[in-house]
Amino acid sequence: MTDRYAVIGNPIEQSKSPLIHTAFAQVTAQDMEYTKVLGPVGGFAGAVDAFRAAGGKGMNVTAPFKLDAFAYATDLAPSAQMAGAVNAMKFEGGRVYAENFDGVGLVRDVVHNLGCPLQGRRVLVLGAGGATRGALLPFLAEQPAKLVIVNRTVAKAEELAALGRQHQSGNVPVQGLGYDQLQGRQFDVVFNATSASLTAQLPPLPSSVFAPGALAYELAYGKGLTPFLQLAKQAGVTRLADGVGMLAEQAAEAFLWWRGVRPDTQGVIRQLTVPLV
């Protein structure tokens, strides 16, 4: 019998998850189908209940339901607990197992696909929202020289930095700062984890933060040369990337969790890549 999976969100029409997981199923010869579920706002639990009752095996979760999924789950993995949000669920009997693969997918894209080790590097993350929170432990596991989180509301950056210091097993210096404290500092890898690029905005980032040979990584995908990437390019940065690889890698993590086999992501990444021009 064909196993059923889906992504739930609202809106959902824009989701690339069915394309990605269908491609993964083909290359790994898995008997499964993957569809989209438009969840009604305020009706997440009912929509998931209906999918499970119809035989659904698992779901990816996108906006605005990652917090609803956190509350719905019976068994939260450490990644989901740390992120305070869920992006993948697996249904086994009455149990709902929940994970958040965004952070590990991001790190895998940077380290493996882009060939940019984070170990020993100075890492700057813009934004102190859910994306940064979910990436904290995967970042720190790579043992960067330092990790700095910057946010317009400095208290939020400081809160996440304290969380990182509390939970890490190594001894990586973690700081939370405001944008006005970045003058005179340089970083080897700069991640834009703010929502600014979704509205073509630019965080108040001094262009001097990019060290020679730096990587500028935009977590949004498919937006081309966003204002953040434009700033980096104008500052002389030649290594630019968006979040298409992160999208593919977090999907591959969920696929492995569900099916027990890791798909190759390169074909999907090539198919979804939008030139950064």
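Once a new chain begins, its residue numbering starts again from 1 and follows that chain's sequence as written. Predicted model: local features are reported for residues with pLDDT of at least 70 only, side-chain atom pairs are reported and counted for 80 or more only, and whole-chain, interface and lining totals are derived from all residues. Hydrogen atoms and water are omitted, and side-chain values are computed over all heavy atoms in the structure.

Asks: Even after reading the chapter, I still don't get the overall build of the chain, so can you show me in this structure?
Replies: Helix numbering and strand numbering both begin at the N terminus, where a helix is a DSSP run of H or I of at least 4 residues and a strand a DSSP run of E of at least 2. Of regular secondary structure, the chain possesses ten helices and twelve strands. Relative to the globule expectation of 19 Å for 277 residues, the C-alpha radius of gyration of the chain, 19 Å, shows essentially globular dimensions. Buried residues in the chain amount to 52% of all 277 residues. Residue contacts follow a heavy-atom distance rule, with two residues in contact if any of their heavy atoms lie within 4.5 Å. Contacts spanning at least 24 positions in sequence make up 68% of the contacts within the chain whose residues lie at least 6 apart. Carbon and sulfur atoms make up 51% of the accessible area of the chain, which totals about 12,100 Å². In the chain, 23 positive and 21 negative side-chain charges are present, and the distance between their average locations comes to 4 Å. The globule rule is 2.2 Å times the number of residues to the power 0.38, and the radius of gyration it is compared with is taken over C-alpha atoms. Categorising residues by exposure relies on relative accessible area from a 1.4 Å probe, with only protein chains included: less than 20% of the type maximum marks a residue as buried, more than 50% marks it as exposed, and the intermediate range marks it as partly exposed. Throughout, the Shrake-Rupley method with a 1.4 Å probe supplies accessible areas, and for residues the shown protein chains are the sole cover considered. The sign given to each residue is positive for Lys and Arg and negative for Asp and Glu; His and the chain ends receive no count. To locate a charge, take NZ of a lysine, CZ of an arginine, CG of an aspartate or CD of a glutamate.

Asks: How do you make sense of the sheet that holds strand S5 (residues 88-92) when you look at a structure like this?
Replies: Strand pairing within a sheet occurs via backbone hydrogen bonds; the two strands may be parallel or antiparallel. Paired strands, as defined in this entry, are two strands with at least two bridges between them according to DSSP. Pairing within the open sheet is mixed, and its six strands lie in the order S2-S1-S3-S5-S6-S4. Each edge of the open sheet carries a strand with a single partner, namely strand S2 (32-38) and strand S4 (75-76). Both S4 and strand S6 (residues 95-99) contribute to a ladder of two bridges, which runs parallel. Its bridge partner lying in S6, Leu-76 is registered against Ala-98.

Asks: Is there a simple way to explain the sheet that holds strand S7 (residues 122-126) in this structure?
Replies: Spatially, six strands are ordered S9-S8-S7-S10-S11-S12 in an open sheet, and the strand pairing comes out parallel. Edge positions in the sheet fall to strand S9 (174-177) and strand S12 (239-241), since each of these pairs with one other strand and no more. Across this sheet, the average inter-strand angle for adjacent strands is 15 degrees, counted without regard to direction. Bridge count between strand S11 (residues 210-218) and S12: three bridges; the pairing is parallel. Counterpart to Leu-215 in the pairing with S12 is Arg-239. Axis geometry follows a simple rule: fit a line to the C-alpha atoms, using only the stretch in contact for helices, then measure angles between N-to-C directions, giving values from 0 to 180 degrees. Its contacts with the sheet place helix H5 (residues 102-113) against strand S10 (187-192) and S11, and it is angled at close to 135 degrees to S11. Helix H8 (residues 227-234) rests against S7, S10, S11 and S12 of the sheet, and its axis sits at about 165 degrees to S11.

Asks: I'm lost on the pattern of salt bridges in this one. Help?
Replies: Side chains bearing opposite charge may pair, as long as their charged atoms lie close to each other. Should a side-chain nitrogen of Lys or Arg be within 4 Å of a carboxyl oxygen of Asp or Glu, the pair is scored as a salt bridge. For the coordinates displayed, the defined rule picks out nine salt bridges. The residue Glu-13 makes a salt bridge to Lys-36 at a minimum N-O spacing of 3.6 Å. Of the two residues, Glu-13 sits in the loop between strand S1 (3-9) and helix H1 (17-28) while Lys-36 sits in strand S2, which places them 23 residues apart along the sequence. Looking at Glu-13, the relative accessible area reads 64%, which means it is exposed. On the basis of relative accessible area, Lys-36 is assigned to the partly exposed category, the value being 32%. Residue Glu-253 pairs with Arg-262 through a salt bridge whose shortest N-O separation is 2.4 Å. Taking relative accessible area as the criterion, Arg-262 reaches 29% and is therefore assigned partly exposed. Within this structure, Arg-108, Glu-249, Glu-253 and Arg-262 form a network of salt bridges that share partners.

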